[in-house]
Structure formats: structure tokens, C-alpha cells
Amino acid sequence: MSDLMTVATDALRLARHGEEVEIFVSRRYQTRVRARQGTIDSVISAESIGVGVRVVARNGGGEGTVGFAWADSIGPDVIETVVGEARENARFSMPEPCAGIASPDGVSPAELVTWQGDVGGTPVAAKIALALELERRARAGDQRISAVPYAEYHDSQSETALATTTGIRSATARTSAALSVTIVAAGSGGVTHSGSATSTARGVAGLDVDAPPAEAVARAVRVLGGGGFPAGPAIVVFDPRVTATIMSAVGGALRGDAVIRTRSMFAGRLGEKIAAAAIDLTDDPTDSLASGSGPCDDEGLASRPVSLIAAGVLSSYVHDTVSARQMGTQSTASAVRAGFSGTPVPKCRALRLRPTADSQAAILADVGSGLYVQSLLGARSGISSINGDFSVAIEGCEISGGSLGRPVRGVTLASNLAEVLRQVRAVGDDIRWPAGAVAHQTIAVDGIYVGGSEPR
Amino acid sequence: MPQSQLIPPELAADVLKTALHRGGEFADLYAEERWSTGAVLEAGTVGKLSSGQRRGAGVRVISGGATGFAYTADLSERGLHALARAASAIADRPGSAVTEPVPVTVPVLGAPPRQEWPEPAQSSRKVKIERLRYADDVARGVSPAIAGVHVSYGDSSRRLTVANSAGTYAEDFQVRNRFNVTCIVRGDTGLQTGYERFVRTVGSEIFDQIDVADMARGAARHALTKLNAAPAPSGEYVVVLAAGSGGILFHEACGHGLEADNVQRGQSVYASKLDTPVAGPGVTFVDDGTVPQACGSSRIDDDGAATRRTTLIEDGRLVGFMRKLEPLRDGAVPTGNPRWQRSTGNCRRQSYQHLPLVRMTNTFILPGPEDRAELIGQTRRGIYIAKLGGGQVNVATGEFVFGTTEAYLIENGQVTRPLLDTNLLGSGPEALSGIDAIAGDLDMAWGACDKDGQRVSVGCGQPSLRIRGLTVGGHAG
């Protein structure tokens, strides 16, 4: 048993009669090295540890009240205080019919490799050397690069342990390593544009020091300068990063808690056709390639693939224990916490679309002419999971003759997520998982309204 | 404010000596303790009562211009020395020039101790729940179209100590409170949301200052208005920003370019514009960490320097940048803290787990001579923005996109139809130069500002003002 699990199970002794208690303990080591202009800018080494406690007080019947508390240390006296605070918070909360923490549901966790020993085993000096090498290659890489604001090595080793009075014992351990670079490319007439790219892997050995500079410069150069695009409906191809932003908003609308709280455009639509027939959307945290994969969710239930849209039909939402109970169904093991200081919420963990096309090149060739969208500006404020409407500014380029052409900027896209899902014509198999809970892959969508602008 | 010191000055000095034992020209220690609580009302039920505590320290060592940083939650004497040794490894990095450690000046109090500390921020659980439920009741009573109400409360109290090798030792105690009401309504235009938000540097007196019923009615009205809203037009329009609604735009699209670290890295459009006109005449833009109760206010910044007002743009001309303490790079022993003169009190950290950055406190445009009604009255066709939402900006160019959350059409000098949420596009320099009328009704709002992965609360504001020509990007129109 890990030392964290010992801490978590020991703390369960503080539970009182009539209470369900959940103890979540986590620890994370991180190293971050930033290089600039051939030298080291900063080296950060960090250890953080903490505990989050949920107490559900039962008042005899099926109802319960929930309280939560957390602290960023795990000494026995601290945990005792935190359990007391959580209990006091529960005492003041209003009863909820479906309150509760998870119970074992008999599904066994998948065997996944999410830990690489070389993250902890590589000396800091070697990590510093990697950051310096990345920065050097970025500066030497391409004549159009006018500056490298920074190049960075980052890694993390995180472990969690979760124990409950309902019999859950689950532990996770995961590592990640990344090399990121941002470059500024200069074009004719003093026009500049920045581009960034990251290589991510489970361990240090999996990192690619050449790919990020090349990708960053390609992205910057592709949109240097740029003019308008004719207003009206167009076939739009979304860059893999943009697809991730859009599908992340779709994933937000598939959250069980959003559905219950009338904050989702997909509420009440199970079994209905909501997307093109070719669309299969799955959240599969047992795919060890996905950055968000892991044997269990953050309530300790074994991860399982969840089919959300099958052949265009809405087949499921993602649930944690509470949202599942509220909707009279089972948890999909989709509980996610924002560290020890957050309570679990249902969220997608490894969302991807089933590919229908071989590559981005094949998609572009099929589309022939249209608009390639490399990045969205204003996506954070501009896409609503509540009604699906979005209106965002974009940067990208024209697609002509089946390949990428002149840069486009200063135009907007206005549509609706539901409309996008209905109009998807192709999904690329260029799946990558640089970070986060959503796959990066190219998609092509018919007939999105482009709010054009005159070339300046 | 608890009476005992988080880190006594003598211990701080010892830890700083350990931090510099392998060499380096500067070291600092930042320790904090933070308590926070929150509560949420959703679907008619008060739940998610939470309490948290954070306690830890970060040590920074600068050697040959490179920064080593480490942090820990262990504030014991042993833990702090281990932390200082971890941060000092920067002085041993491959290829580094050997620098002699500077002598550590025993820290002295940087500012006279405060006579009266604020009370902790927390209200009792009973009071919080009562206010949440009252807001919910009032909002639901406004209209049968209300489909959902979300009310949230949060507070934090934070005690901190900053000490550095140049002899600074400072302490502070800071409190903050927030109360938000969001309403969702259902109607012909689908689901629409409206909100009211209060965030201030105040303690438990928050409930003497706000009328939660007013906020609830405001949020409900805001959402209901959108049920009758029309899609926004697209194109270039005259934009009138209501007082307090658009401060975030100037914060993001101009303020960040006036932060010294962005300027030094060449990531600012304003880098070479000092003493030149950058805004319309009459536009004065300041940063002021001393505004009572504003979200970005504090007595000292996170370097321990006193906060103050810094004029950035005066009558349209760029006159200054925001700065934090910049330690000497030549290893010379600072005497009398010469570099304090250079700080404008704009150093902030999200927590002890973060490196200090140059950040804004409360940034706003000063009032002008015009009348608000006139600004609208003189506008034949334009957009009136009552609330602006989140946005995105390219600091290097000042280009921005902001989402509107409450906007109306101006036709023949009158505010007419409400508009569905849309985007405002432009560039900070263009927006500043395009300001052609400023009213006298300055108001401030809260903003969450992200920089280098760190989030802090800021105040931002402006009086009602008019901008000639911003791009409005909406649906077809």
C-alpha cells in the first residue's frame, strides 16, 4: 500500500455513525525549466500535497447533506481539522435526495501504463540541457523566425489515493513530460505572427525536440499577413486544435450535471438524432494514448469507454455518482476533480471522434475549396454550451485546389454546435493528445456561415 | 489577524542565507496562509459548502540572471532550509558563471506595522445561506420564464510575509469577498443567461454593502431582456461603453502592454512609444492599488513594496510603465534599496507556488467632461455595451476579441433593441485612439486576469465613453 493510501484509510477512522466519508489525497512533483536566448531563464522545482474530504451526513432517510473541505498538507492534525470542517459544512447544507459518494460497482480497472520512471530518474541538469537544446534548435531552425520568446521543459509526477467508508480504495499514478516552444515569425513588410507547439509524452524518452519548432513556425507562417474571405456559407476545415476547442464545448453540454441544471442544449434528447450519421463520439479513458487516461475516475470507479453519440444518435451523457442518481442511471466513471481542492464533477476525460478519413491531406483534397481555420479568437467567451451558439473571430487560410492557400484573418464564424455536429462531412484519423481531455483531430464541416470582411 | 508572525525576521534572514550559500545576487522568501470558504445555491438547494486552507512558502534565488524557485507546504525551520537549498541549485547549473553570494542584510520592517488589521473575511454559515436563499427566492419571483437560478458566495483571508536579501521584511493581511447571481430564462430565443456580480476587497461587511435582492432582480432582468434580443449586426460601428462595462478591454488590450516585463521582452506594442501620443486627447489611464475596496487593492504588493497610483497615459501621451522590484544583476550590494524607487508596487503572485510577475492592480480611465446621455444622444447609429464578458488578446499586437453579454443598438440617439451576445474586435491602440468622448461617471468592475498561468483578481474601470469604429462580429445582419 502506498504511503498516500495509508494516510487516506487511516483518516476514515474519523467518520462518525450515520456519515459517509471520502478522503482524497494527492501529491505532485513538477519541474519546469525555461530557456531564453541561449541561457536558462528559470528553474522551478515544486512539490505539492493535499487532502480533500467529503462528508455526507444521513438524516435517517435517503436524503443526505454534503460538506467539503480541503488543505494543502496531510499531517494527522490537519486532516482531523479538515474532516471537522467538512462535517460542519454538511451540517449547514440543505438535504439533497441523491447526495452520496460512490460505492464499488464491480467493474475492474483496466491495466494501463501511465507512469514512466525516467521523469523522476532524469537529473535536473539533463532537463535543463533539453530546454536549452529546444531553444537553440528553434532559433536555428528557420530563417523566418525573428524571436523565440521562450522554450520550456515541463514534467510532472502525480499520485492520488482515495478511500471511502463505502469500501472504495483506489490509487492512481501518472507522469507527463513536455517540450513547448513559442516563436515569432517575420514576413514581408514587418508583419509578425507568433506560433507555438508542444511535444508531450508520458516520459522524457518519448519527447521530440525537433517537432515543436517546426510545427510552431509552420503555424505562424501559414497565417502571416492575411486578408478577408467572402461572406456567406462555406465548407470549413478545422485544425486539430480548433476541433478540440469545439468538441470540448460539445463535451460540456454532455455533462450530466449540466443536463440536470438546464444548462445544456442536449437536455432531454437521449435517443434523438443530433449529429450526422457518420458521427461516433466516445469518451474512452482506458485508451492509454489519451493524456487523460487512467484506471479509475476521481471517485474511484474503474474507467470504461462511454459511447456518447452513436451513428449520430445521442446515446449517453457523462455521469458521476450524484448526476447518475439524479437521472436514475449508473455512473459512467466520469468524475473529475480539479486537484484536492475541488469536488468531483462529471466531465469527459478522453473524448474522440471516430475517424472517417485517412488524413488531413485527404480531407483537404476532398473539400477542394473552402476555409481552413487554424485558431479561434474569443472562443472562451464565444461558445455557449447552454444554447450552443457561437460567434468567434478566426485566423486561418483559404483552401483552394485541395490544399492550403493564402492567409485569412479578420473574419468571423457564426454558427451553433448542434449545426456543426449535423454538418460534419469528414473526421480525420490524425488523432493526437497533447494535453487535456479532448483529442486533437481535423474535421470538415459543410455550410458554416462566414462573416466575411473586406481585405484591409 | 492572528498575533504570531508567520515567519519571524530572524528566521527569514537565516533561510535567505541558506538560499544564497552557493552564490547568487538576490534571494527572497514569500510565505502565506490563506483560508477560504464558498457556498453555492443551485436548483433551489444550498450545497457545496466548502472550506479550504493553504499554507506554504516559496523561495527564489537569482544567480547570473537566472531564477531558481522552489516551494513547499512545510513551514517548519527545517522545511524552510530544505526549500532554500532546493532553490539555490540554480547557482550550480551547468555552464553558469560562478557568482559570489551577496551578504544578506538582516531584514527590517519595510513598512510600519499596521495598527488595525481587518477582521477575517468570513461571515457565519447561517448568514451566507440566508443570503443565498433570499437571492434565489427573489430571482424566481421575477418571472415564470426563469428556468434556473445559480447563486454563489466566496471569501478569502490571506496573511503573508515577504523578506528578501536586500533587507526588506513586510507583512500584510488581505481579505476578499464575492457574491454572484446568475439567472437562466427560457423563451423564443432559446436559453439565455443574465448575471450580477460583486467582488470587493472587503470582509464580512459585504452584506452591509450589497442588496442581494437588487442583484437577483438585476440578473433576472438581464436574462429576460435577451429573450427579446435580435442578432447583432456585423461590421464597423460606433461603440458606447457604459461606465464600468469595458474596463476589462483596456486592461487586456492596453494594460498588459504597459507591464515592464512584457515591454522588456519585446512583447508589447508600446515598447518604443514612451512620451508619444497613444490615445485620444483627454484620455488618462492609471493603475492604482490603493483604491479603497477595489478588487485589486492591497497595502503592499507581493515584493513587500507599498502600492500606489501610477499614471500610465496622461492626456493621451504614454508616460510610464508598471514595474516590480528588479534585483541588481551585477552582484553589487544594494544600499538603501535603490531599486525600491524603481518599483511601482505592481508585483503580484497567485500564491506561494508562483513566481512574482508584473501585474496590474486596479486600472482605469479617469473621468472626462462629457455627459453620458450626450454620448448616446450624439450617436446616430452604434452599439451600446452595458456588460462585456471575457475576452482574448494578443499582447504583442494589442489585437482583442471580447464577448458582449448585454448590448443594445443605438439608433438616432436612442438606445433601442437589445442584441444577442456577440463579439467586439479591434486592437488596443486603435481603441484608445478612437476614444472621442468621456463622461464623468467612473465605475469599476472586477476582472480575473490570467498571465503566465497565474490568475489574480483585478479592478478595472472607465467612465461612460465613446469609441469611433470597433468591429462588431455577430450573426448575419
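Here the structure is a predicted model, which is why all the values come from computation and not from measurement.

About the thresholds
Residues numbered from 1 in each chain as written. Chains lettered and ligands numbered in written order. Predicted model: local features only at pLDDT ≥ 70, side-chain atom pairs only at ≥ 80, totals over all residues. Helix = DSSP H or I, 4+ residues; strand = E, 2+ residues; numbered from the N terminus. Rg over C-alpha atoms; globule rule 2.2 N^0.38 Å. Buried ≥ 20, exposed ≤ 12 C-beta atoms within 10 Å, placed from the backbone. Contact = placed C-beta atoms within 7 Å. pLDDT = per-residue confidence, 0-100. Nonpolar A, V, L, I, M, F, W, Y, C, P; charged D, E, K, R; others polar. Pairing = 2+ DSSP bridges.

Peer 1: Could you give me a rundown of the overall build of chain A, with the residues and numbers involved?
Peer 2: The helix and strand inventory of chain A stands at 11 helices and 18 strands. In terms of overall dimensions, chain A is globule-like: its C-alpha atoms have a radius of gyration of 24 Å, near the 23 Å expected for 456 residues. The buried share of chain A, taken over its 456 residues, is 56%. A fraction of 72% describes how many contacts in chain A between residues 6 or more apart in sequence connect residues 24 or more apart.

Peer 1: If you had to explain the confidence of the model for chain B to someone new, which residues and values would you point to?
Peer 2: Residues of chain B with pLDDT of at least 70 account for 89%, and the chain-wide mean is 87. Model confidence for the complex is summarised by a pTM of 0.88, with the ipTM given as 0.84.

Peer 1: Break down the environment of B:Ala220 for me, with residues and values.
Peer 2: Residues and elements named next belong to chain B. Within the secondary structure, alanine 220 is located in helix 5 (residues 212-227). Linking alanine 220 and glycine 469, residues 249 residues apart in sequence, is a C-alpha distance of 31 Å. Ignoring sequence-local partners within four residues, the contact set of alanine 220 consists of Ala139, Val142, Ser143, Ile146, Cys183 and Gly194.

Peer 1: Please provide a residue-by-residue account of the interface of chain B and chain A, values included.
Peer 2: Facing 56 residues of chain B, the contacting portion of chain A comprises 50 residues. It is strand 2 (residues 45-63) of chain B that provides the largest number of residues to the side of chain B that touches chain A, a total of 12 residues. Per-class residue counts for the side of chain B that touches chain A are 22 nonpolar, 27 polar and seven charged. Relative to strand 3 (residues 66-72) of chain B, strand 2 (residues 39-58) of chain A is paired through five bridges, and the arrangement is parallel.

Peer 1: I'd like a description of the pairing of strand 1 (residues 19-36) of chain A, backed by residues and values.
Peer 2: All names here are of chain A. Counted residue by residue, strand 1 has 14 buried out of 18 residues, so it is predominantly covered. Strand direction decides the pairing type here: strand 1 and strand 2, joined by 18 bridges, are antiparallel. Paired with glutamate 20 across the two strands is valine 56, which belongs to strand 2. Two successive antiparallel strands, strand 1 and strand 2, enclose a turn made up of two residues, where glutamine 37 displays a positive phi of approximately 50°. With 14 bridges joining them, strand 1 and strand 4 (residues 145-164) adopt antiparallel strand pairing. If you follow alanine 35 over to strand 4, its bridge partner there is alanine 151.

Peer 1: How would you summarise the pairing of strand 20 (residues 443-451) of chain B if you had to cite specific residues and measurements?
Peer 2: Note: strand 20 of chain B against strand 21 (residues 454-462) of chain B, nine bridges, orientation antiparallel. By the bridge assignment for strand 21 of chain B, B:Lys451 is matched with B:Gln454.

Peer 1: Which residues make up the sheet that holds strand 9 (residues 285-288) of chain B, and what values go with them?
Peer 2: Hydrogen bonding along the main chain pairs the strands of a sheet, whether they run parallel or antiparallel. Strand order across the open sheet formed by six strands is 11-10-9-14-21-20 (chain B), with mixed pairing between neighbours. Every interior strand has two partners, whereas the edge strands, strand 11 (317-318) and strand 20 of chain B, have only one.

Peer 1: Could you give an account of the sheet that holds strand 9 (residues 306-310) of chain A, with specific residues and numbers?
Peer 2: Residue and element names in this part refer to chain A. The four strands lie next to each other as 10-9-8-13, forming an open sheet whose pairing is antiparallel. Only two strands of the sheet have a single neighbouring strand rather than two, namely strand 10 (313-314) and strand 13 (351-353). Inspection of the sheet shows strand 8 (residues 281-283) paired to strand 13 by three bridges, in the antiparallel sense. The partner of threonine 282 across the bridge, within strand 13, is arginine 352.

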